[in-house]
Amino acid sequence: MKVNSFLAAALMAVFFTSCQKDENDVTQPVVTNEEELITTLKVNLSADSATRIFQFRDPDGEGGANGTTDTIYMQAGKVYQCSLQFLNESNPAKVIDITTEIREEADDHLVCFDASDAVITRTDKDSKGLGVGLASEWVSSATGRGTITIRLRHQPGLKDGSCGIGETDIEVVFPVVVQ
């Protein structure tokens, strides 16, 4: 009987100590800001009362099938108002608009543009007066072909208006044709 009591007590001690969380256990990841899945980037370009939508879509997310990227068509020397929309469309029954979260956390996000065929200026600001990039003005160049790279940078506590800091949430290279 003493052996059974001792064995039961030993098993209970092992069970209870194995369930306690070790504060120094580095195998337990600490999630400070879970990254959202962004499967779609919509570029809404407006000029002369007309809006055209160009998009990147990768419904199954990174690592599955390749995504599709539209070619952006613009007219030479024209001024466009642009708005961006970031979506999670991995579940067609429940599309999540990530743009709302980016807008709410504007102090921690920056959209960066690298354009060979347009001059792009961010027109929206965060609480510190720094650009965000969900809204922008695009002035197209002369006729030709090139690219526009759009990168959403996550910069919690780091944002200073530059694109060289933080982590990239999504980066898309759009082919561009200026006619």
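That block above? That's the structure.
Peer 1: What exactly am I supposed to notice about the overall build of the protein chain here?
Peer 2: The secondary structure content of the protein chain amounts to two helices and 11 strands. The order of α-helices and β-strands along the protein chain, N terminus first, is α-β-β-β-β-β-β-α-β-β-β-β-β. In the protein chain, which comprises 179 residues, the proportion classed as buried is 34%. Sequence separation of at least 24 residues holds for 61% of the intrachain contacts in the protein chain that already meet a minimum separation of 6. When the accessible area of the protein chain is evaluated, it comes to approximately 10900 Å², of which 52% is carbon and sulfur surface.

Peer 1: Please clarify how the pairing of strand β5 (residues 79-88) should be interpreted in this entry.
Peer 2: For a regular strand, side chains alternate in direction, first toward one face of the sheet and then toward the other. Note: strand β1 (residues 40-47) against β5, seven bridges, orientation antiparallel. Across the sheet, residue Leu41 finds its bridge partner in β5, namely Phe86. As paired elements, β5 and strand β9 (residues 135-140) share five bridges and run antiparallel to each other. Pairing of Cys82 across the sheet is with Ser136, part of β9.

About the thresholds
Along each chain, the written sequence defines residue order, and numbers are assigned to residues from 1. Restriction of local features to residues with pLDDT of at least 70 applies here, the model being predicted, together with a cutoff of 80 or more for giving and counting side-chain atom pairs; totals for whole chains, interfaces and linings are based on all residues. Side-chain metrics in this entry use all non-hydrogen atoms of the structure; hydrogen atoms and water are not considered. Only DSSP runs of H or I covering at least 4 residues are called helices, and only runs of E covering at least 2 are called strands; the numbering of each starts at the N terminus. Any residue under 20% of the maximum accessible area for its type is buried, any over 50% is exposed, and the rest in between are partly exposed; the area is computed with a 1.4 Å probe on protein chains only. Residue contacts are counted whenever heavy atoms from the two residues lie within 4.5 Å of one another. Only the protein chains shown count as covering a residue, and every accessible area follows the Shrake-Rupley method with a 1.4 Å probe. Here, strands pair whenever DSSP counts at least two bridges between them.

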